[in-house]
Amino acid sequence: MSSHSVSGYSFAAPFQIPAISPIRSLAPYANRPGTISMSGGYPATELFDVDGLNAAAAKVGARLASCLQYSNIDGQAGLRMQLARLSAERGIRCDPDTELAVTGGSQQSLALLGRVMLQPGDAAIIESPGFPNSRQALHYTGATLHTVPSGPDGVDVDALALLVERVRPKLVSVVATFSNPCGATLNLERRRRLVELAARYRFLLVEDDPYGELRFEGEPIPPLLALAEGEQRKWVAYIASMSKTMAPALRMGWLIAPAEIRRRCVGAKAADDMASSAWIQEIVAQYIEDGRYHEHVPRIRAAYAARADALARALAEEMGGHVDFRKPQGGMFCWARLTGDIDSTRLLPYAIEHEVVYVPGKAFYSDPAQADMQAMRLSFATMNEAQIRTGIVRLRQALQACAAGESVSITLAD
């Protein structure tokens, strides 16, 4: 008997089995005093520009009464203008009044686009491995979700082309730059092919770009929408967020989409939350206008670069021969693979006992049969270089204990 019938309630199909985040389920272990956590996808707390945000908030506070009313559903005009300018710096030109809308983070942007475009009987395609919450956002529409392989070089465009021909999706969602969990970046050729596929088969290609500003090595590659020309623009949408560059608690993101799609997303947002906070929007707009955003982002890039270097050195020196990885050029994650017989799920209880936590690769696959059981996601953003070294030393000790068959007190649910 299913769980929804046991309770007596008749839940909608997508909610009959409640989603449990495999990442958040590790929080009780990650938050233990003394534990070094490489599991979360959080930005570094100590790098938040508290002074800059306080200064922006003080300026907005001087005109606070004007910020306490309901906002425009599509966002405050001043913030839309600032976000359009930021997007233009990334190569995306748009009309802030008809193509751009402010959202409650990129997660809401994806959920709105999914709800506007998808319904039961439709097909959508996501990357695998991929971020579980993105999968859930599209799953809740009732559409059939198909997965396309991804990896250290990003989504497999050849495999996607074959899948598109077979299932004819209405929406395809990708993270083209420093993806979660693989840290992958699609090259220019693959990006152009993605845009061409979207226009040819008339599906909405959604690029989720929370990490693109965090490049600390290599040359930037234009977002997908920046590469779309003429009629191709009708089939590409772009979503981004301030969570990884300013602060997650702002819950501030934006979407850029063709006017008819954007208009319907605004209607869907009205049904969700009426509007994002006018007060917070004005603070974000003031912060950008004051130039603090452009001062702050290079600082966090430099800090993450040092931490990524520390992680790469520690993995090579402490885990050499036991793990394969590619040094990140940006973002917040390193996708590593154990090379021996021990997989990352079997190792995890030993790691927790040795006071270091990571996310096993299987957490990012919708189909367990397709999961790379050797893979693990290591986040380097929230720790300093010394902590990173200590964490990898502990990981090596955990691997040694696991290989020796030592007893372990931690029991994890499958």
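Since the model is a prediction, treat every value here as computed from it, not as a measurement.

1. Overview of the nonpolar core
Consideration 1: Leu311, Leu347, Leu378 and Leu395 are the most contacted members of the largest nonpolar core, which totals 56 residues.
Consideration 2: Listed by contribution, the elements that provide at least two residues to this core are α12 (292-318), β10 (333-338), α13 (344-353), β11 (356-357), β13 (375-379) and α14 (385-403).
Consideration 3: Element by element, the count of residues in this core is highest for α12, at eight residues.
Consideration 4: Domain assignment of the residues forming this core places at least three in each of domain 1 (18-41 + 295-404) and domain 2 (66-290).
Consideration 5: Residues within four places of Leu311 in sequence aside, it is in contact with Met38, Cys334, Leu378, Phe380, Ile388 and Ile392.
Consideration 6: Counting 54 residues, the second largest nonpolar core, distinct from the first, contains Cys94, Met242, Tyr287 and Val297.

2. Some points on unusual backbone geometry
Consideration 1: The peptide bond linking Ser128 to Pro129 adopts the cis configuration, its omega dihedral lying at 5 degrees.
Consideration 2: Going from Asn180 to Pro181, the amide bond is cis rather than trans, its omega being 20 degrees.
Consideration 3: Mapped onto the fold, Pro181 is located in the loop between β5 (171-174) and α8 (188-201).
Consideration 4: Residue Phe178 is not a glycine yet carries a positive backbone phi of 55 degrees.
Consideration 5: Here Phe178 is to be found in the loop between β5 and α8.
Consideration 6: On the basis of relative accessible area, Phe178 is assigned to the buried category, the value being 2%.

3. With respect to the sheet that holds β10
Consideration 1: Here four strands make up an open sheet; going across it, the order is β9-β10-β13-β12 and the pairing antiparallel. Two strands close off the open sheet at either side, each with one partner strand: β9 (323-325) and β12 (359-360).
Consideration 2: Looking at chain direction, β10 and β13 are connected through five bridges and run antiparallel. Opposite Cys334, over in β13, you have Leu378 as the bridge partner.

4. Brief notes about the sheet that holds strand β3 (residues 123-128)
Consideration 1: Strand order in the open sheet formed by seven strands is β2-β8-β7-β6-β5-β3-β4, and the pairing between neighbours is mixed. Two strands close off the open sheet at either side, each with one partner strand: β2 (100-103) and β4 (144-149). Averaged over all pairs of adjacent strands, the angle between their axes in this sheet comes to 20 degrees, without regard to strand direction.
Consideration 2: Where β3 lies against β5, three bridges are found, and the strand directions are parallel. Bridge pairing in β5 links Ile125 to Val172.
Consideration 3: Each of β2 and β8 (253-256) is contacted by helix α4 (residues 77-89), which is oriented at about 110 degrees to β2, the strand it contacts most.
Consideration 4: Seen against the sheet, helix α7 (residues 157-167) touches β3, β4 and β5 and runs at an angle of roughly 155 degrees to β4.

5. Thoughts on the domain arrangement of the protein
Consideration 1: Once the domains are mapped, the protein shows domain 1 (18-41 + 295-404) and domain 2 (66-290).
Consideration 2: Here domain 1 and domain 2 have C-alpha centroids that lie 27 Å from each other.
Consideration 3: Each side of the interface is counted separately: domain 1 has 28 residues, and domain 2 has 27 residues.
Consideration 4: Roughly 2500 Å² is buried in total at the junction of domain 1 and domain 2, and carbon and sulfur atoms are behind 58% of that figure.
Consideration 5: Here domain 1 is connected to domain 2 by three salt bridges.
Consideration 6: Residues Arg326 and Asp153 are paired through a salt bridge, measuring 2.8 Å at the closest nitrogen-oxygen approach.
Consideration 7: Linking domain 1 to domain 2 there are 10 residue pairs in polar contact (both at pLDDT 80 or more).
Consideration 8: Secondary-structure elements contributing two or more residues to the side of domain 1 that touches domain 2 are α12 and β10.
Consideration 9: Considering every element that reaches the side of domain 1 that touches domain 2, the biggest residue donor is α12, with eight residues.
Consideration 10: A breakdown of the residues in the side of domain 1 that touches domain 2 according to their chemical character gives 16 nonpolar, seven polar and five charged.

How each quantity is defined
- Residues numbered from 1 in each chain as written.
- Predicted model: local features only at pLDDT ≥ 70, side-chain atom pairs only at ≥ 80, totals over all residues.
- Heavy atoms only, no water.
- Core = buried A, V, L, I, M, F, W, Y, C linked by side-chain atoms within 4.5 Å.
- Buried < 20%, exposed > 50% of the residue type's maximum accessible area, 1.4 Å probe, protein only.
- Helix = DSSP H or I, 4+ residues; strand = E, 2+ residues; numbered from the N terminus.
- Domains from an automatic or database assignment.
- Contact = heavy atoms within 4.5 Å.
- Pairing = 2+ DSSP bridges.
- Axes fitted to C-alpha atoms, helices over the stretch in contact; angles between N-to-C directions.
- Buried area = accessible area lost by both parts, 1.4 Å probe.
- Salt bridge = Lys/Arg side-chain N within 4 Å of Asp/Glu carboxyl O.
- Polar contact = N/O pair within 3.5 Å; in protein donor to acceptor, adjacent residues only side chain to side chain.
- Nonpolar A, V, L, I, M, F, W, Y, C, P; charged D, E, K, R; others polar.

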